Amino acid sequence: MSYPFEGNWTLIPELSHCDEGAPPASGHYSISVEGKELTLLIDWEDADGTPHHVEFTGIADGAIREAGEVGMKASFHIHDDCQLISRAYNSGLEVSYAHRRASRDGAILNVLQFHKRPDGTRSMRLQTYRRDDI
């Protein structure tokens, strides 16, 4: 099955917002699904030119499983075929939430991320991507 959020995406910086600091200068997002197994690859360059890379996998069944660093867990859920939601947990507490929503035609992907800090405050990022492979 193919989901509208699957594929390769390029960040549209001018349609992105961070409530702390500047949005990335550039970015690429790749999402693939095989059965219920997800693979996400994210590359971006900060406004100052510093490159970053994140890669992770998961099972889209809503279960909380070990992920990343020791003590970290994550859950993934596909909602109405256009939305991919993930949550990350550290020591049993939710520390981040990401909601990826593709347009029905699969041309645009919005990614809304919230990160919770130990003091209870949070930061938000909204990023908009255009599909590379249309």
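The present account deals with the structure reproduced in this document. Here the residue index of a chain counts from 1 through its sequence in written order. With the structure being a predicted model, the display of local features is reserved for residues of pLDDT at least 70 and the display and counting of side-chain atom pairs for 80 or more, all residues being used for whole-chain, interface and lining totals. Side-chain metrics in this entry use all non-hydrogen atoms of the structure; hydrogen atoms and water are not considered.

Regarding the pattern of salt bridges
By salt bridge we mean one thing: a side-chain nitrogen of Lys or Arg within 4 Å of a carboxyl oxygen of Asp or Glu. Applying the stated criterion to the full structure yields 5 salt bridges. With its nearest N and O atoms 2.1 Å apart, the salt bridge here joins Arg117 to Glu20. Taken together, the positions of Arg117 in the loop between strand 10 (108-116) and strand 11 (122-131) and Glu20 in the loop between strand 2 (17-18) and strand 3 (26-34) put the pair 97 residues apart, joining distant regions of the chain. A salt bridge links Asp61 to Arg65, with the nearest nitrogen and oxygen atoms 2.8 Å apart. Taking relative accessible area as the criterion, Asp61 reaches 37% and is therefore assigned partly exposed. The helix and strand labels rest on DSSP assignments: H or I over at least four residues marks a helix, E over at least two residues marks a strand, and numbering proceeds from the N terminus. Note on classification: 1.4 Å probe, protein chains only; a residue is buried when its accessible area is under 20% of the maximum for its type, exposed when over 50%, partly exposed between these limits.

Structural notes on the nonpolar core
Side-chain atoms within 4.5 Å link the members of a nonpolar core, which is a set of buried Ala, Val, Leu, Ile, Met, Phe, Trp, Tyr and Cys residues. Counting residues in hydrophobic clusters, the biggest one holds 19 residues, and the most contacted among them are Phe5, Tyr29, Leu38 and Leu109. Listing elements by their share of this core, those giving two or more residues are strand 1 (7-11), strand 3, strand 4 (37-45), strand 7 (72-79) and strand 10. Non-local contacts of Phe5, meaning those with residues more than four positions away in its chain, are made with Ile31, Val33, Ile78, Asp81, Cys82, Gln83, Leu84, Ala102, Leu109 and Arg131. In this description, contact between two residues means that some pair of their heavy atoms is separated by no more than 4.5 Å.

A short note on the packing of aromatic side chains
Only rings of Phe, Tyr and Trp enter the pairing, Trp through its six-membered ring, and a pair is recorded when the two centres are within 6.5 Å. The plane angle decides the type: under 30 degrees is stacked, over 60 is edge-to-face, the rest tilted. All chains considered together, the criterion is met by 3 aromatic pairs. Seen from their ring centres, Tyr29 and Tyr129 are 5.2 Å apart, and the 75 degrees between their planes marks the pair as edge-to-face. Of this pair, Tyr29 sits in strand 3 while Tyr129 sits in strand 11, placing them 100 residues apart in sequence. Ring centres 6.1 Å apart and planes at 25 degrees place the aromatic pair Phe56 and Phe76 in the stacked group. You can see Phe56 sitting in strand 5 (residues 51-59) and its partner Phe76 sitting in strand 7, a full 20 residues away along the chain. Take Phe76: its relative accessible area is 5%, and that puts it in the buried class.

Digging into the environment of His115
Inspection of the secondary structure assignment puts His115 in strand 10. On the basis of relative accessible area, His115 is assigned to the partly exposed category, the value being 28%. Separated by 27 residues in sequence, His115 and Ala88 have C-alpha atoms that sit 9.3 Å apart. Apart from residues no more than four positions distant in its own chain, His115 is found in contact with Val95, Ser96, Thr121, Arg122, Ser123 and Arg125.

So, the pairing of strand 9 (residues 93-102)
What makes two strands pair is DSSP finding at least two bridges between them. Both strand 8 (residues 83-90) and strand 9 contribute to a ladder of 8 bridges, which runs antiparallel. Looking at the pairing, Tyr89 lines up with Glu94 of strand 9. The hairpin formed by strand 8 and strand 9 contains 2 residues between the paired strands, and Ser91 there has a positive phi angle of roughly 55 degrees. Sheet topology note: the strand 9/strand 10 ladder contains 7 bridges and is antiparallel. Residue pairing for strand 10: Ala98 is matched across the bridge by Gln113.

Let's talk about the side chain of Thr128
Checked against the element boundaries, Thr128 lands in strand 11. One polar contact links the side chain of Thr128 to the main-chain carbonyl oxygen of Leu15, over a distance of 3.0 Å. Under the rule applied, a polar contact is a pair of N or O atoms within 3.5 Å (in protein, one hydrogen donor and one hydrogen acceptor; residues adjacent in sequence only if both atoms are side-chain atoms). Here Asn110 takes part through its side chain, which lies 2.8 Å from a polar atom of the side chain of Thr128. Filtering out sequence-adjacent residues up to four positions away, Thr128 remains in contact with Thr10, Leu11, Ile12, Leu15, Ser16, Ile108, Leu109 and Asn110.

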